[in-house]
Amino acid sequence: MNILFVGDIFGSAGRKIVRDHIAHICEAHAVELVIVNVENAAGGFGVTPQIAEDIFDLGADVLTTGNHVWDKRELMEYFSSVPVESQERARRVLRPVNLQPGLPGHGVFEGTTGSGVPYAVINLMGRVFMNGTNDPFHAVNDVLKNIAAKVIVVDFHAEATSEKVAMGWHLDGRVTAVLGTHTHIPTADERVLPGGTAYQTDVGMSGPYDSVIGVETQLVLHRFLTGMPGKFEAAKGNPKMCAALVTCDPSTGRASAIQRIMLGE
Ligand SMILES: [Fe+2]
């Protein structure tokens, strides 16, 4: 069984490059489950319900987010529009599971693929150099106690490479894949860990690479050179789609392969 995980879509350039490539990748690899991180899909800041719907229309099954999840306020209403047991699209957009209790939305989705394979997606966020998150290591232990599916994909949205690598080892043999997001630059360390968990520190963004992690280069340089605040805008140049293709045994959830994908125009 093949799973496609698409790295953080950044702005309109990211949405377009994913639109250009996702169908042919899914067809070529007979992909059964598509997960897309969308936390920067709306101009670099969060995601709107409309953009989420557009990405579902491209064939995504579950959308994940991260620290930018609350940037577009209308997403809270979208989250609250469906009950926890729903399988509707609004329930398939996740926010990190280890935020403060009682916030809108959910951090775990359990579903079944078209061919009948049960799966779960967990959206987890790091706490090294990040605010507002609870211990992800114990949080994911608690979440796993309640999941029956064997095929489990974790989006670990985190800043520090060390925390991400540690999470890979923490979950090795317990989930199908631990895939890092948030830092927007793909890392070349994709591998299957000894226990059968596919791992990559960061899948990389799907967005404009002539930029500073998605933002217009001159705006970021100005901030570094002057220390003055300024508005950030999404760049457009040199878009690439970054993704990880994970192959697993649907009966055990064990991964057998992970392939890094980076496609330009
Ligand atoms: Fe992020």
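Residues numbered from 1 in each chain as written. Predicted model: local features only at pLDDT ≥ 70, side-chain atom pairs only at ≥ 80, totals over all residues. Heavy atoms only, no water.

**Things to note about the overall build of the protein**
Rules: We count a stretch as a helix when DSSP gives it H or I for four or more residues in a row; a strand needs E for two or more, and each element gets its number in order from the N terminus. Here the globule rule is a power law, 2.2 Å times the number of residues to the power 0.38, and the radius of gyration is based on C-alpha atoms. Here's how the labels work: a residue is buried when its accessible area is under 20% of the maximum for its type, exposed when over 50%, partly exposed in between, all with a 1.4 Å probe on protein chains only. In this analysis, two residues are considered to be in contact whenever any of their non-hydrogen atoms come within 4.5 Å of each other. What sets the accessible areas is the Shrake-Rupley method with a 1.4 Å probe; for residues, cover comes only from the shown protein chains. Positive charge is attributed to Lys and Arg, negative charge to Asp and Glu, and no charge count is given to His or to the chain ends. To locate a charge, take NZ of a lysine, CZ of an arginine, CG of an aspartate or CD of a glutamate.
Scanning the protein from terminus to terminus reveals six helices and 12 strands. The C-alpha atoms of the protein give 17 Å as radius of gyration, which agrees with the globular expectation for 265 residues (18 Å, within 12%). Here the C-alpha coordinates of the protein stretch approximately 55 × 40 × 35 Å along the principal axes. When each of the 265 residues of the protein is scored for burial, the buried share is 54%. The contacts in the protein between residues at least 6 apart in sequence include a share of 65% that link residues at least 24 apart. Here the protein has roughly 11,100 Å² of accessible surface; of this, 54% comes from carbon and sulfur atoms. For the protein, the separation between the mean place of its 21 positive charges and that of its 29 negative charges on side chains is 3 Å.

**Observations concerning the pattern of salt bridges**
Quick note on the threshold: The term salt bridge refers to a side-chain nitrogen of Lys or Arg lying within 4 Å of a carboxyl oxygen of Asp or Glu.
Evaluated as defined, the whole model comprises six salt bridges. Between K164 and D202 there is a salt bridge, with its nearest N and O atoms 2.8 Å apart. In this pair, K164 is assigned in helix α5 (residues 161–171) and D202 in the loop between β9 (198–200) and β10 (207–208), connecting sequence segments 38 residues apart. Each member of the pair, K164 as well as D202, carries the same accessibility label: buried. Between R260 and E190 there is a salt bridge whose closest N-O contact spans 2.8 Å. Of this pair, R260 sits in strand β12 (residues 255–263) while E190 is found in the loop between β7 (177–181) and β8 (191–192), placing the two residues 70 residues apart along the sequence. E190 sits in the partly exposed class, given a relative accessible area of 23%. The network of salt bridges with shared partners includes E53, D57 and R89.

**Considering helix α2 (residues 49–57)**
The condition is simple: Throughout, the arc means the angular range of directions from the helix axis out to the C-beta atoms.
Every buried residue belonging to α2 is among P49, I51, A52, I55 and F56, and all of these are buried. An end-on view of α2 places all buried positions within 160° of arc, on one side of the element. In this structure, α2 carries Q50 and D57 as exposed residues pointing more than 90 degrees from its buried face. For α2, the secondary structure elements touched by its buried residues are α1 (11–28), β2 (31–37), β3 (62–64) and α3 (74–80). With its phi angle positive at about 115°, G59 sits one or two positions after the end of α2.

**Some thoughts on the sheet that holds strand β4 (residues 108–112)**
Stated precisely, the cut-off is as follows: In this analysis, strands are considered paired if DSSP registers two or more bridges between them. Fitting a line to C-alpha atoms yields each axis, with helices limited to the stretch in contact; the angle taken between N-to-C directions then spans 0 to 180 degrees.
Read from one edge of the open sheet, six strands run β4-β5-β6-β7-β9-β8, paired in mixed fashion. Among the strands making up the open sheet, the edge pair consists of β4 and β8. In this structure, strand β5 (residues 118–125) lies alongside strand β6 (residues 151–157), joined through seven bridges in parallel fashion. Bridge pairing links I122 to V154 in β6. Together, β4, β5 and β6 form the strand contacts of helix α4 (residues 136–145), whose direction differs from that of β5 by roughly 160°.

**Looking at the nonpolar core**
To be explicit about the condition: Throughout, nonpolar core names a set of buried Ala, Val, Leu, Ile, Met, Phe, Trp, Tyr and Cys residues whose side chains join them through atoms within 4.5 Å.
L4, V6, V36, I55, L63 and M241 are the most contacted members of the largest nonpolar core, which totals 32 residues. Counting only elements with at least two residues in this core, the list comes to β1 (2–6), α1, β2, α2, α3 and β11 (239–248). For this core, the element with the highest residue contribution is α1, accounting for five residues. Ignoring any residue separated from it by four or fewer positions in sequence, one finds L63 in contact with V36, V38, A52, I55, F56, R92, V93 and L94. Grouped together as the second largest cluster of nonpolar side chains are 22 residues, M1, V62, A198 and I258 included.

**Side note on the environment of H184**
To keep it simple, the criterion reads: In the analysis that follows, any N or O atom pair within 3.5 Å is treated as a polar contact, provided that within protein one partner can donate a hydrogen and the other can accept it, and provided that, for residues neighboring in sequence, both atoms belong to side chains.
Assignment of secondary structure puts H184 in the loop between β7 and β8. In the structure, H184 is positioned 170 residues away from G14 in sequence and 12 Å away in space, judged by C-alpha atoms. Residues within four places of H184 in sequence aside, it is in contact with D8, F10, N40, D202, G204, M205, Y209 and I213. Engagement of the side chain of H184 in a polar contact is seen with the side chain of D8, the distance being 3.4 Å.

**A look at the coordination of the iron ion**
For clarity, the cut-off: For Na, K and Ca the donor cut-off is 3.2 Å, and for all other metals it is 2.8 Å, counting N, O and S atoms only; because water is absent from this set, sites may look incomplete. Labels for metal geometry use angle windows, namely 85 to 135 degrees for all angles of a four-donor tetrahedral site, and for square planar (four donors) or octahedral (six donors) sites opposite donors over 155 degrees apart plus all others within 65 to 115; sites meeting none of these are irregular.
Only E39 (OE), N67 (OD1), H157 (NE2) and H182 (ND1) from the protein reach the iron ion as donors, at distances of 1.9 to 2.2 Å. Its four donor atoms give the iron ion angles of 84 to 163° at the centre, a pattern that matches the irregular case. Site description for the iron ion: donor spacing in sequence, E-x27-N-x89-H-x24-H. Highlighted residues: E39 in the loop between β2 and α2 and N67 in the loop between β3 and α3, separated in sequence by 28 residues. The class of E39 is buried, set by a relative accessible area of 1%.

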